Number of protein chains: 4
Amino acid sequence: MKNSSFLGELIASIIDRGSSFSAFRDDRSIDKLCADLLSSKGEVSSRKIGSAVLTRYQELDGEDRRAFFQLLCSQMDLDIAALSNAVTAYGGDRSVKNLAALSAAAEAPRQELLRRLNHVPGATSALVNMRKDLLDLLPDNPELKRIDLDFSHLFVSWFNRGFLVIRPISWQSPANILAKIIQYEAVHAIADWDDLRRRLQPDDRRCFAFFHPAMPDEPLVFVEVALCRGIPGSVQDVLQDERSELDREEVDTAVFYSISNCQQGLRGISFGNFLIKQVVADLSVQLPHLKTFVTLSPLPGFADWLSGEQSPVSQDYVDTLQRSAIAKSDNSDSELLVSHNNQLRGLAAKYLLGAKREDGTPLDPVARFHLSNGASVLELHGLADTSPNGLQHSFGVMVNYHYDMDKVESQHEAFAQSGEVGASKPVSQLARSKVPADMRRSVEKEVS
Amino acid sequence: MKNSSFLGELIASIIDRGSSFSAFRDDRSIDKLCADLLSSKGEVSSRKIGSAVLTRYQELDGEDRRAFFQLLCSQMDLDIAALSNAVTAYGGDRSVKNLAALSAAAEAPRQELLRRLNHVPGATSALVNMRKDLLDLLPDNPELKRIDLDFSHLFVSWFNRGFLVIRPISWQSPANILAKIIQYEAVHAIADWDDLRRRLQPDDRRCFAFFHPAMPDEPLVFVEVALCRGIPGSVQDVLQDERSELDREEVDTAVFYSISNCQQGLRGISFGNFLIKQVVADLSVQLPHLKTFVTLSPLPGFADWLSGEQSPVSQDYVDTLQRSAIAKSDNSDSELLVSHNNQLRGLAAKYLLGAKREDGTPLDPVARFHLSNGASVLELHGLADTSPNGLQHSFGVMVNYHYDMDKVESQHEAFAQSGEVGASKPVSQLARSKVPADMRRSVEKEVS
Amino acid sequence: MKNSSFLGELIASIIDRGSSFSAFRDDRSIDKLCADLLSSKGEVSSRKIGSAVLTRYQELDGEDRRAFFQLLCSQMDLDIAALSNAVTAYGGDRSVKNLAALSAAAEAPRQELLRRLNHVPGATSALVNMRKDLLDLLPDNPELKRIDLDFSHLFVSWFNRGFLVIRPISWQSPANILAKIIQYEAVHAIADWDDLRRRLQPDDRRCFAFFHPAMPDEPLVFVEVALCRGIPGSVQDVLQDERSELDREEVDTAVFYSISNCQQGLRGISFGNFLIKQVVADLSVQLPHLKTFVTLSPLPGFADWLSGEQSPVSQDYVDTLQRSAIAKSDNSDSELLVSHNNQLRGLAAKYLLGAKREDGTPLDPVARFHLSNGASVLELHGLADTSPNGLQHSFGVMVNYHYDMDKVESQHEAFAQSGEVGASKPVSQLARSKVPADMRRSVEKEVS
Amino acid sequence: MKNSSFLGELIASIIDRGSSFSAFRDDRSIDKLCADLLSSKGEVSSRKIGSAVLTRYQELDGEDRRAFFQLLCSQMDLDIAALSNAVTAYGGDRSVKNLAALSAAAEAPRQELLRRLNHVPGATSALVNMRKDLLDLLPDNPELKRIDLDFSHLFVSWFNRGFLVIRPISWQSPANILAKIIQYEAVHAIADWDDLRRRLQPDDRRCFAFFHPAMPDEPLVFVEVALCRGIPGSVQDVLQDERSELDREEVDTAVFYSISNCQQGLRGISFGNFLIKQVVADLSVQLPHLKTFVTLSPLPGFADWLSGEQSPVSQDYVDTLQRSAIAKSDNSDSELLVSHNNQLRGLAAKYLLGAKREDGTPLDPVARFHLSNGASVLELHGLADTSPNGLQHSFGVMVNYHYDMDKVESQHEAFAQSGEVGASKPVSQLARSKVPADMRRSVEKEVS
């Protein structure tokens with residue numbers, strides 16, 4: 001490998017500025033500051049004003065932030081009359097000049113405002129957090145979605161895949177980054193630094209994250225990987241405290257057991273799919289012994305579906321399952337979940353392969369994510385996540401989605417075009433198994 | 001200073017991918033590949049197709065590249081009817097949905113194509129080079145300016161100041177970067193590696209460049225700085241082979257004697273102004289002894305102006321000057337340029353302060369750049385650049401533009417609003433000096 | 001600053017090998033392996049055998065390790081007859097050849113053995129740990145001190161000040177390094193990662209460590225620094241959970257409140273003095289506002305001395321103090337310690353300035369360290385360390401040693417030559433204060 | 001790969017101090033400074049005095065440097081009487097105390113002086129240069145070899161293999177390092193930066209160097225490697241300007257065509273053997289296609305041997321060869337060398353396998369180096385180095401030494417113990433070929 005460390009230098013300077021901008025105070029109102037920023041022509045004052053806007057914004061309380069967004073919404077909106085004229089003009093004379101005018105008129109001034117705010121060193125992270133505030137306000141202030149169109153448009157450009165950097169996260173990584181991994185883990189909570197260490201330090205445990213160079217101390221999304229011999233039957237196996245580390249030669253399977261998005265302000269600007277495939281590619285090169293790449297994933301909507309209208313089983317049965325789940329999560333053993341392992345796997349198979357949203361895509365959000373990435377359903381495991389959360393939402397069932405890089409393209413296409421869900425033969429058979437009469441709902445619905 | 005080297009790691013992975021993308025070949029025509037890229041939904045195939053497009057593009061000859069741009073122009077243009085409808089719909093019902101539709105309709109599909117091409121690792125540099133080709137075609141194919149609007153729009157977002165990284169360039173920098181400094185130097189050519197070493201290695205010589213993390217081995221713009229005691233009277237002083245290095249305590253003046261843009265494909269996406277001010281800020285912190293920050297700049301339009309209609313002197317006089325300049329650049333001494341030093345400075349002052357374009361801005365492009373950055377004209381030097389180039393275009397005259405950080409804001413504003421050019425008293429007086437009768441043009445034009 | 005990141009590269013390869021050597025197994029006995037290593041001439045086999053020795057050593061239990069050291073002691077000792085002959089030969093003919101032979105004969109073969117073991121990548125750390133084992137055995141096996149002479153001789157060369165690297169330790173440092181900081185802190189125990197974060201993350205808290213490039217993930221010694229306004233009166237003030245961070249402009253005092261040696265195997269190869277002075281130098285450059293550099297140090301021998309023969313107070317009084325200390329460390333308030341604050345400071349001053357070892361140096365080990373570094377006693381604080389440890393050994397008293405870089409040289413010389421202890425006027429006066437009659441020992445001993 | 005960039009940080013501080021120490025001036029004589037350094041107990045003054053000694057030394061002219069070494073020789077020599085007493089004392093009472101005293105007495109005080117000088121940041125490089133001066137003086141001042149024993153003793157410890165770091169040298173390496181590669185290349189001179197670039201930039205050309213962390217910008221030894229398909233027949237093939245780069249899949253042979261020691265002051269502290277084997281190991285991992293590792297080496301003593309007493313050929317024949325070599329190096333073609341290709345190879349085989357020094361080792365220094373490393377003679381090539389140098393000393397013949405890692409151990413042992421030279425069958429046969437009668441020396445000496 002021929003390489004250079006010039007980037008080391010290059011990045012040393014990024015480090016110095018870090019992820020947070022230098023606060024700058026200014027007496028003008030935030031409205032006035034925004035207006036001045038937009039009309040400013042000097043880049044020095046522009047950065048000062050930008051810094052003042054961001055500083056001021058951070059000091060605003062919730063209501064004032066809402067007012068700020070309202071300002072962006074009402075006073076920096078598209079001028080529809082101007083746009084209409086520009087369209088007409090361009091329709092009449094398709095000159096470059098008219099096209100440029102049209103393009104300018106088609107963009108709300110707040111977009112340029114956001115772009116100028118991003119001139120401030122460290123602003124990118126502040127703007128991502130600003131969008132998080134905005135997203136929180138949307139349910140009660142749907143008109144603000146207009147602004148979010150501009151945030152999204154810019155973020156799609158700024159967080160273009162070509163600018164993202166994949167980094168291994170290890171026990172040698174900086175503590176400030178690791179503290180954020182603990183904070184952002186969304187699937188299987190990390191109890192403390194010892195728990196984290198168990199997930200990072202052994203050679204058969206890996207973690208990878210995407211970063212953006214302008215937010216060097218903020219991971220965007222990360223995935224935790226267990227290198228195993230065969231597919232483990234439960235997340236408890238993966239996360240147990242005492243286990244003997246596997247040698248590199250022994251491992252044949254990489255299990256993605258947790259994927260977490262870190263930045264709420266980047267919702268909808270998806271990277272998870274890129275990350276998994278990049279990790280598959282990187283691990284394949286590093287560890288040629290690896291043959292199988294699977295997830296170990298929850299079925300977050302399974303319990304709800306079993307209680308709902310589409311359920312193939314009676315509410316009585318679901319109630320029994322729930323009591324059993326609660327008992328189990330109290331650490332007492334639960335015979336029912338154990339003895340009904342196969343029934344639960346069968347129901348989960350029906351859920352995964354049969355339960356759909358109106359648009360024909362799977363009801364389960366995790367399933368939608370992996371299947372639309374081109375993965376297929378490989379196997380189901382009962383009592384595979386016996387945490388309270390896992391029992392409550394999935395009755396402990398977990399699923400392996402299979403990333404077979406030779407097939408992801410075609411499976412993705414099949415899924416995208418016809419909603420076809422790839423599944424292994426055993427899981428397909430499970431999905432077709434009969435629900436025993438005593439568990440059956442009066443009006444049974446069978447997966448076709 | 002508290003810092004981290006995590007970015008070192010982070011960037012190590014950028015390094016590995018370098019600035020150039022992995023070639024990928026595919027039999028489809030480039031038209032088909034572009035269409036497929038736009039309609040692709042899987043990101044794996046998307047990156048493969050993107051890579052195939054870029055690979056194919058690089059193999060095209062000039063005429064086929066023109067055809068490719070024509071394709072972007074004609075087949076991926078704005079759909080004006082659809083946009084018109086979207087404007088009408090939004091005019092009628094200002095819903096978020098209609099706004100989103102309008103925004104989508106207002107963007108030519110080729111913009112999304114370029115965004116997808118940039119998913120390919122190393123693509124950014126390839127796209128910058130693609131725009132260079134495009135700019136070369138514009139004079140003869142003005143309709144292609146439509147496409148350039150999209151390139152520019154994206155580049156402004158991608159090369160946002162917030163994403164640029166300033167790096168000192170030194171004799172410790174990687175040779176591949178330094179080879180590019182030699183190549184890109186546009187003002188005072190660097191003869192060879194020894195010449196480069198003289199400009200980088202001494203402690204009283206500095207160089208800084210902007211980089212973009214996605215193009216880690218391509219400088220975007222760089223500036224060369226000489227740390228001096230007082231303002232040097234000529235670039236020969238600055239660049240002489242044998243000179244004794246100054247101690248840090250002795251220097252009081254930083255002289256920016258060369259600023260070069262490196263990427264023709266980024267024309268109009270200006271960074272030079274940011275760079276100078278950032279360097280002023282950084283050097284001020286590192287070397288508190290520094291009191292004065294000036295350029296030592298050419299007047300590239302001076303000789304032409306003296307020969308033109310606006311000239312205050314006779315063509316005979318200009319011819320004499322030119323003969324004298326040629327003599328001088330043949331290394332023979334030239335009495336005229338020496339004896340007319342003051343006349344030349346006076347004429348140059350008239351040129352800088354008085355010669356304007358139609359829009360009221362200075363005729364000289366370098367003057368426009370620095371004055372619009374908020375610098376002022378501080379001093380003029382005769383026989384200050386005796387290279388053939390310097391004698392031919394500027395009759396050897398050079399100018400110091402003064403970056404006084406306490407005044408750049410106000411001077412920038414004054415210049416932007418009223419075209420007012422800041423100048424020191426001596427230079428203003430020079431500009432008002434009478435042209436001797438024997439040099440004068442029959443119809444004299446005096447600077448007001 | 002002109003710099004290079006080439007070392008980044010250079011060090012990347014050190015990282016890869018890490019601090020631990022690759023295990024290599026070999027069936028030969030460790031005695032045979034050592035003999036073969038010494039006689040080996042090929043460096044490949046040499047590294048393999050060396051690795052096998054280190055691997056084997058690590059698997060030995062305590063008794064077998066003792067046997068290994070006995071082997072080094074008896075079979076790889078100086079050949080006194082040969083040496084005697086070499087001395088005689090050299091005495092007769094002072095040729096270079098004879099001198100070389102003498103030098104060779106004056107070195108025990110085990111020294112060459114250790115040098116060859118260190119050819120193995122990662123061996124340095126293993127050898128430091130080996131010496132730790134050896135030091136543990138010395139009290140019961142004093143003859144092994146012979147071997148320690150060789151370890152020490154080599155370590156003094158290997159850990160020459162010129163090879164040590166100072167590094168800031170921050171919340172951005174790698175977690176594996178920080179885990180070791182927690183582990184090695186020897187003065188004020190670090191409770192957990194949150195405690196560590198409070199000591200590292202605020203801008204007015206700093207930490208620095210020495211590293212050796214061959215042991216990149218093992219700190220050798222580190223010091224924790226609080227940047228304060230004025231000198232804090234207690235370590236509780238320094239370590240409190242809730243406090244407001246000071247701005248850089250506000251701080252005028254750097255307080256070294258904890259210094260810990262990390263490697264027991266490097267006992268006697270002192271670096272702490274270098275470290276403190278380097279940190280003083282570095283902080284002075286970074287934060288020119290800093291005027292005062294002091295420690296906040298325990299008096300670990302104070303309580304013992306008060307109970308001993310040299311004590312100026314009665315055993316009754318000491319008993320009362322001890323009961324009071326126990327009460328206080330039970331978190332109940334202790335009036336006596338509060339009301340006797342001044343008496344305790346006076347006694348501590350007598351202890352510090354008057355209590356001596358036979359060789360005339362201060363009885364207190366921490367005092368010996370700082371005073372021999374050229375520091376002076378600046379101030380004493382009562383109830384300044386109310387941890388159980390602090391109350392038990394120092395009755396809560398702490399001392400500021402003052403590092404005045406203009407005086408450390410002369411104070412060091414005075415201390416080294418005449419045992420003169422530098423002290424501020426207030427502390428000197430305190431040391432001369434009379435012990436109240438009711439606390440006095442029957443046979444009073446007054447500090448002169 | 002799990003890794004850390006902490007070392008990046010760690011090393012950043014090394015960089016800052018660089019390889020050169022800060023000059024410090026002091027009025028004392030160098031004799032007095034050295035005496036004061038030895039008696040100093042404070043490490044601050046110690047570093048100042050040390051810096052003053054090094055600064056003063058660098059300003060001395062040749063004669064004064066000789067005087068300085070004489071001082072070390074005479075006034076800081078071993079005290080033989082004291083040593084003799086210490087030996088007697090230890091002979092009488094083998095106590096640890098006596099052993100420690102003996103060890104101290106067995107070391108000349110100048111060794112401690114050098115150790116203290118090395119406390120100065122950047123001193124290591126200065127001390128290496130100091131030894132270079134010393135080595136230059138040895139031929140005329142043989143008594144100074146006494147001092148060199150101490151330099152060597154320390155350097156062996158300081159430059160222990162465990163502390164050396166291997167680094168790839170590439171076109172991305174810092175220019176200051178590359179400038180030193182140009183300067184230090186000792187086998188096939190590098191004409192200029194373009195020549196260097198041709199040796200570094202192509203993917204089938206590699207270069208590796210050893211560094212010591214205390215001399216980060218000084219390579220110690222480096223090797224240049226050409227990755228080839230098969231073994232090239234000449235160095236002209238390797239170094240030709242225009243050639244097409246090989247793909248990684250095509251290469252099967254790594255050719256070490258140049259090995260240069262960089263630091264004359266480290267003569268005898270050999271690293272070249274470690275470097276070659278490390279590079280073989282590293283390349284084997286990176287490029288599993290590589291099957292053969294050979295050098296392409298000169299025979300620097302061949303021509304001399306042919307002219308000497310041991311020569312199997314007549315002086316007439318050698319004279320003819322020499323004339324032919326001079327003709328060839330004048331770029332005219334030389335029929336003789338071409339037509340006598342096989343004779344020359346035969347003679348070279350006799351030289352390599354048969355010509356010995358008194359101690360039984362090969363006469364050729366390059367052969368001694370590689371054969372004692374465990375390599376064997378694989379092949380000989382005529383007209384393989386047609387540079388003036390190559391023609392003059394080797395009549396253009398070059399040799400491939402073969403590094404077969406499965407055999408280096410045993411071949412090394414065989415060579416070390418019995419002087420046995422490993423050679424391929426073809427070369428062995430060549431060595432036994434008859435010298436034609438017309439070329440033969442009157443008293444022929446045949447290789448047995």
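All of these numbers come straight from a predicted model, not from anything done at the bench.

Basis of the calculations
Residues numbered from 1 in each chain as written. Chains lettered and ligands numbered in written order. Predicted model: local features only at pLDDT ≥ 70, side-chain atom pairs only at ≥ 80, totals over all residues. Heavy atoms only, no water. Helix = DSSP H or I, 4+ residues; strand = E, 2+ residues; numbered from the N terminus. Buried < 20%, exposed > 50% of the residue type's maximum accessible area, 1.4 Å probe, protein only. Contact = heavy atoms within 4.5 Å. Areas by Shrake-Rupley, 256 points an atom, 1.4 Å probe, with all protein chains shown as cover. pLDDT = per-residue confidence, 0-100. Pairing = 2+ DSSP bridges. Right-handed = clockwise from strand over helix to strand, strands pointing away. Polar contact = N/O pair within 3.5 Å; in protein donor to acceptor, adjacent residues only side chain to side chain.

Asks: Tell me what's going on with the overall build of chain A, and back it up with residues and numbers.
Replies: A count of helical and extended segments in chain A gives 21 helices and 8 strands. Principal axes of the C-alpha set define a box for chain A whose edges measure 75 × 55 × 45 Å. By residue count, 57% of the 448 residues in chain A fall in the buried class. When contacts within chain A are restricted to residue pairs at least 6 apart in sequence, long-range pairs at least 24 apart make up 74% of them. For chain A, the accessible surface area stands at approximately 17900 Å², while carbon and sulfur atoms represent 48% of it.

Asks: Lay out the confidence of the model for chain A with the relevant residues and their values.
Replies: Residue and element names in this part refer to chain A. Overall, the predicted model of chain A reaches an average pLDDT of 89, with 92% of residues at or above 70. Across residues 1-18, where pLDDT falls below 50, the model places 70 contacts with residues more than four positions away in sequence or in other chains. Residue range residues 444-448 is modelled with pLDDT below 50. Its contacts to residues more than four positions away, or to other chains, number 10 contacts. ipTM for the predicted complex: 0.87, alongside a pTM of 0.89.

Asks: Now, about the pairing of strand S3 (residues 221-228) of chain D: what can you tell me, with residues and values included?
Replies: Residue and element names in this part refer to chain D. Counting buried residues in S3 gives 8 out of 8 residues, a clear majority hidden from the surface. Alternating positions in S3 separate into two faces, Val221, Val223, Val225 and Leu227 on one and Phe222, Glu224, Ala226 and Cys228 on the other, with burial throughout. With 6 bridges joining them, strand S2 (residues 205-211) and S3 adopt antiparallel strand pairing. Across the sheet, the residue bridging to Arg205 is Ala226, located in S3.

Asks: So, the pairing of strand S4 (residues 253-261) of chain B: which residues are in play, and what are the values?
Replies: All names here are of chain B. Extensive coverage of S4 is indicated by the burial of 7 of its 9 residues. Inspection of the sheet shows strand S3 (residues 221-228) paired to S4 by 8 bridges, in the antiparallel sense. Bridge pairing in S4 places Cys228 opposite Thr253. Inspection of the sheet shows S4 paired to strand S5 (residues 292-295) by 4 bridges, in the parallel sense. Among the inter-strand pairings, Thr253 is bridged to a residue of S5, identified as Thr292. As for the winding sense of the linkage, the β-α-β connection from S4 through helix H13 (residues 272-286) to S5 is right-handed.

Asks: Would you mind going over the environment of Tyr184(D) in detail, with residue names and values included?
Replies: Residues and elements named next belong to chain D. Within the secondary structure, Tyr184 is located in helix H10 (residues 175-184). When its relative accessible area of 15% is taken as the criterion, Tyr184 is described as buried. The spacing of Tyr184 and Asn261 is 77 residues in sequence and 7.4 Å in space, taken between C-alpha atoms. Setting aside chain neighbours within four positions, we find Tyr184 in contact with Glu218, Pro219, Phe222, Ser260, Asn261, Cys262 and Gln263. Engagement of the side chain of Tyr184 in a polar contact is seen with the side chain of Glu218, the distance being 2.8 Å.

Asks: How would you explain unusual backbone geometry if you had to name every residue and give the values?
Replies: Negative phi characterises most residues that are not glycine, and trans characterises most peptide bonds. Its identity as a non-glycine residue notwithstanding, Phe395(B) has a phi of 45 degrees, on the positive side. Here Phe395(B) shows up in the loop between helix H19 (388-394) and strand S8 (398-402). Of note in this structure, Leu383(D) is not a glycine but carries a positive phi near 50 degrees. Structurally, the position occupied by Leu383(D) is in the loop between strand S7 (376-381) and helix H19 (388-394). For Leu383(D), a relative accessible area of 21% translates into the label partly exposed.

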